[in-house]
Amino acid sequence: MIPRPILAACALTLALAACGKPEAPAEQVAEPAISTVAPPAQAEAPAPASASGAAIVADCATTLEGNDAMQYNASSIAVPKDCTQFTIRLDHVGRMPIAAMGHDVVVSSEADMPGILADGMAVAPDHLKPGDARVIAATRMIGGGETASVTFDTAKIATSGPFVFFCSFPGHSALMKGTISVQ
Ligand code: ZN
């Protein structure tokens, strides 16, 4: 059964992404690493990655955006292999409150994601079980206009994967999910 909010979001985003499609195929072509050529930040004309694109990485960090349509602005993060630590910052660019449209960024193995979501579903506001050892990294849950970040050791995602990042707010990971890997 698909919760109604997801269906609504799907209707809004059909044109954008793989809403409702099965998982991405195993043989995904690696996306080009753009970390070493990221341009300096420009005050105007920001060009956030599309929902189907790679997050912009610079200085062993990236900034994801989450919006009121239950979307991140990127679907993959390539962590440069010379980074020993990596920071993910989340900007909630929407306006809805945390209880209605909370977003966070959780990093785990893909295999652990369903269990993390199930055990955290009833835990408000963070929707993560306290001390969940399967969680490699997680920002706090935030509402519209807020920002949060987390830094973690890249060694934790350098071994057996695949690893993913996702929002643990109930239902959101159907759209708010991507891959993260050391490259
Ligand atoms: Zn969310």
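## Description of the sheet that holds strand β3 (residues 76-79)
- Spatial ordering of the open sheet is given by β3-β9-β8-β5-β6, a layout of five strands whose pairing is mixed. Since the sheet does not close on itself, it has two edges, and those belong to β3 and β6 (137-138), each with one partner.

## Describing the packing of aromatic side chains
- Inspection of the entire model under this criterion finds two aromatic pairs.
- Geometrically, the ring pair formed by Tyr-72 and Phe-165 is tilted, given 5.4 Å between the ring centres and 45° between the ring planes. Of this pair, Tyr-72 sits in the loop between β2 (61-66) and β3 while Phe-165 sits in strand β8 (residues 163-166), and the two are 93 residues apart along the sequence.
- Each ring, one from Phe-86 and one from Phe-152, has its centre 6.3 Å from the other, and the planes form 70°; the classification is edge-to-face. Taken together, the positions of Phe-86 in strand β4 (residues 85-92) and Phe-152 in strand β7 (residues 147-153) put the pair 66 residues apart, joining distant regions of the chain.
- Look at Phe-86 and you get buried, because its relative accessible area is 0%.

## Some details on the confidence of the model for the protein
- Overall, the prediction assigns the protein a mean pLDDT of 82, with 72% of residues at 70 or greater.
- Low confidence marks residues 1-26, where pLDDT is under 50. Its contacts with residues over four positions away, or in another chain, come to 17 contacts.
- Low pLDDT, under 50, characterises residues 32-50; the stretch is placed with 18 contacts to residues that sit more than four places away or in other chains.

## Here's the deal with the coordination of the zinc ion
- Of the protein atoms, only Gly-102 (O), His-103 (ND1), Cys-167 (SG) and His-172 (ND1) coordinate the zinc ion, at distances of 2.1 to 2.4 Å.
- When the donors of the zinc ion are listed by position in the chain, the intervening gaps give G-H-x63-C-x4-H. Linking Gly-102 in the loop between α2 (98-101) and β5 (106-109) with His-172 in the loop between β8 and β9 (177-182), this pair joins segments that are 70 residues apart in sequence.
- Judged by relative accessible area, which is 0%, Gly-102 ranks as buried.
- On the basis of relative accessibility, which here comes to 3%, the residue His-172 falls in the buried class.

Cut-offs used in this document
- Residues numbered from 1 in each chain as written.
- Predicted model: local features only at pLDDT ≥ 70, side-chain atom pairs only at ≥ 80, totals over all residues.
- Heavy atoms only, no water.
- Pairing = 2+ DSSP bridges.
- Helix = DSSP H or I, 4+ residues; strand = E, 2+ residues; numbered from the N terminus.
- Phe/Tyr/Trp six-rings, centres within 6.5 Å; stacked < 30°, edge-to-face > 60°.
- Buried < 20%, exposed > 50% of the residue type's maximum accessible area, 1.4 Å probe, protein only.
- pLDDT = per-residue confidence, 0-100.
- Contact = heavy atoms within 4.5 Å.
- Donors = N, O, S within 2.8 Å, 3.2 Å for Na, K, Ca; no water.

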